[in-house]
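# Overview (structure and organization)
If you want the building blocks of each chain, they are given just below.
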Amino acid sequence: AGFGATAAVASAAVLCLTRDYVLSSVRGYIEPILTFFVYAALWFVARHRRGGGILPAAAAGLSVWLAFFSKGPPAAWPFLFFGALFAFGSPRAEKKPEGLKGLGGYFVGFLVPTIAFVAWNASGDYWGYWKAYLEGQVLASAVEGRAGAQHLEPLYFAGILVKYYWPWLPFFLWALTKAFFGVRAPRGAMDREPVFWKRVFAITGLGFVAGFSLVKWKFWYYIAPAFPAFSLLIGATFARFLAAAEDKLTSFCAGAACAWVLAVAVFPIPLHWERAPEVMAFKETISGSPVAGPVWFIHSLRDHNIIGSSGQWYFGREVRKVSDAGERRWVESELRAPAWILTDKAHWNYCNSESPELRSRPWMKSWCARSKLVQSEKGMALVIYL
């Protein structure tokens, strides 16, 4: 956006010291991919604003499309906001046809991969997969919460910012106040650019916070895409206070980055934790076995989204969840020998017990009786149905 090296280094330093952003990045979640393409799109918006032309605008559209492909609905916010920047945020010195050309290029950059995606799905008949993802994963989670575990809390992420973002929160609030209510910039187009971009950064970040606050399914790392925008806002606002120490600041950040890379290379510093350790423990057993068909997942308190997606990747086969209500139908019509079954260790012990409650659920007793415990890890049991 043209703020200079001091603002860039300051923004990077703020971002590197933002707890939630670091945690969501090193754990290998999807958010870093979403974030990368969102800010690539913003960078192309800035390129177009400075020099015009259709190529940066088209690249912005393509970047937003890739953000959609990486995470889905969260990319709807930058898609709308960046489109509005092309439509209404052109500098005064730019002629209207140039603004329309930018908006057209933006939509062309988004439309071309969309057409290719639709054609690819039509050729392979993959629509059922995307429909199940949209309805079961996205809409159901947003409206109902994950298995009813979350509920509507409009101020949930405000609490997250207070709890975890507090070292930077005073700087952020001050920068936010200055961007919208501070001293007005002169009327000239170029002189107003810093104010314009600070507001763009603020709106970009707050849009993610507001959007995720409207859905019921919430986790602390959901607003990770907002933190780069907050860092840019803080860096741009306080850069003038650091201008005298620009060289020292740059050298310090570069030295700290090199020292960290060398430390991680030499010492076994754990940078992440495995989201599904049981999947890692079972993968050799399942992936190397001659047992065909899906891996069944039943009676567990763990999140099936984690087990299912990780299992599909590591096991080389589908992981299907069996609901409590559908267990009888599963035993009578779908369970075939032999088959791998994932369940809680506590449930495995329960269904092999002499509990009187099992008399009313003979189908549960039947599959447990014909199964054998193969491995257990982190409270999860891997059994084989014979």
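Structural notes, computed from the coordinates. Chains are numbered independently. Their residues run from 1 in the order of the written sequence. With pLDDT at 70 or above as the cut-off, local features in this predicted model cover only qualifying residues; side-chain atom pairs require 80 or more to be listed or tallied, and sums for whole chains, interfaces and linings still use all residues. Side-chain measures here rest on the full set of heavy atoms in the structure, leaving out hydrogens and waters.

## Regarding the overall build of the protein chain
Each helix is a run of H or I in the DSSP string that is no shorter than four residues. Each strand is a run of E no shorter than two, and both are numbered from the N terminus. The helix and strand tally for the protein chain stands at 17 helices and five strands. Counting only C-alpha atoms and orienting by the principal axes, one finds that the protein chain spans roughly 80 × 50 × 40 Å. A simple rule labels every residue: compare its accessible area, found with a 1.4 Å probe on the protein chains alone, to the largest value its type can have, and call it buried under 20%, exposed over 50%, or partly exposed in between. Counting the 386 residues in the protein chain, one finds 41% classified as buried. Of the roughly 20900 Å² that the protein chain leaves accessible, carbon and sulfur atoms contribute 67%. His residues and chain termini do not enter the charge count, which takes Lys and Arg as positive and Asp and Glu as negative. Charge placement uses NZ in Lys and CZ in Arg. For Asp and Glu, CG and CD serve respectively. The centroid of the 39 positive side-chain charges in the protein chain is displaced by 6 Å from the centroid of its 25 negative side-chain charges. Where accessible areas are quoted, they stem from the Shrake-Rupley method and a 1.4 Å probe; at the residue level, only the protein chains shown are allowed to cover.

## Things to note about unusual backbone geometry
Going from A337 to P338, the amide bond is cis rather than trans, its omega being -15°. Unusually for a residue other than glycine, H299 sits at a positive phi of about 50°. Structurally, the position occupied by H299 is in the loop between β1 (295-298) and α14 (304-315). H299 gets classed as buried once you look at its relative accessible area, which sits at 17%. Positive phi, close to 50°, is recorded for K378, a residue that is not glycine. Relative to the assigned elements, K378 resides in the loop between β4 (371-377) and β5 (380-385).

## A few points about a nonpolar patch on the surface
Residues W260, V261, V266, F267 and I269 make up a contiguous nonpolar surface patch of about 520 Å² in total accessible area. By secondary structure assignment, the location of I269 is in the loop between α12 (246-266) and α13 (277-287). Here, patches come from residues exposed beyond 30% relative accessible area and free of salt bridges, joined within 9 Å for like charges and within 5 Å for nonpolar side chains (Val, Leu, Ile, Met, Phe, Trp, Tyr). For this analysis, a salt bridge means a side-chain nitrogen from Lys or Arg found within 4 Å of a carboxyl oxygen belonging to Asp or Glu.

## What about the packing of aromatic side chains?
Aromatic rings from Phe, Tyr and Trp, with only the six-membered ring used for Trp, were paired whenever their centres fell within 6.5 Å, and each pair was classed as stacked if the ring planes differed by under 30 degrees, edge-to-face if by over 60, and tilted otherwise. Applying the stated rule across the entire model yields 40 aromatic pairs. Arranged with centres 6.3 Å apart and planes meeting at 50°, the rings of F69 and W130 form a pair that is tilted. In this pair, F69 sits in helix α4 (residues 54-71) while W130 sits in helix α7 (residues 127-144), placing the two residues 61 residues apart along the sequence. Overall, the relative accessible area of 47% leaves F69 in the partly exposed class. Since its relative accessible area comes to 24%, W130 is described here as partly exposed.

## Structural notes on the sheet that holds β1
Note on sheets: strands pair through backbone hydrogen bonds, and any given pair is parallel or antiparallel. Taken in spatial order, the five strands line up as β2-β1-β3-β5-β4 in an open sheet, and their pairing is mixed. For this open sheet the edge positions go to β2 (319-322) and β4, each flanked by a neighbour on one side alone. Direction aside, the axes of adjacent strands within the sheet are offset by 25° on average. The strands that α14 touches are β1, β2, β3 (339-344) and β5; relative to β2, the one it contacts most, it runs at about 150°. In this description, contact between two residues means that some pair of their heavy atoms is separated by no more than 4.5 Å. Note on geometry: axes are C-alpha line fits, over the in-contact stretch for helices, and angles between N-to-C directions span 0 to 180 degrees. On the sheet, helix α17 (residues 362-369) packs against β1, β3, β4 and β5 and is oriented at approximately 80° with respect to β4. Pairing between strands is defined by DSSP: at least two bridges between the two strands are required.

## Examining the pattern of salt bridges
Once the charged atoms of two side chains with opposite charge are near each other, the side chains can pair. Counting across every chain of the model gives five salt bridges. Linking E31 and K71 is a salt bridge whose minimum nitrogen-to-oxygen distance equals 2.9 Å. Here K71 lies in helix α4 and E31 lies in helix α3 (residues 31-51), a separation of 40 residues in the sequence. With respect to burial, E31 and K71 carry one shared label: buried. Here E334 and R329 are joined by a salt bridge, their closest N and O atoms 2.8 Å apart. Since its relative accessible area comes to 52%, R329 is described here as exposed.

## Comments concerning α4
In a helix, the anticipated span is given by 1.5 Å times the number of residues less one. In this model, α4 (18 residues) spans 26 Å end to end at C-alpha, consistent with the 26 Å of a helix rising 1.5 Å per residue. Along α4, the residues classified as buried are P56, A57, A59, A60, G61, S63, V64, W65, A67, S70 and K71. Directly after α4, the chain includes G72, whose backbone phi takes a positive value near 95°.

## Observations concerning the environment of E332
Residue placement: E332 occurs in helix α15 (residues 327-334). In the structure, E332 is positioned 255 residues away from W77 in sequence and 46 Å away in space, judged by C-alpha atoms.

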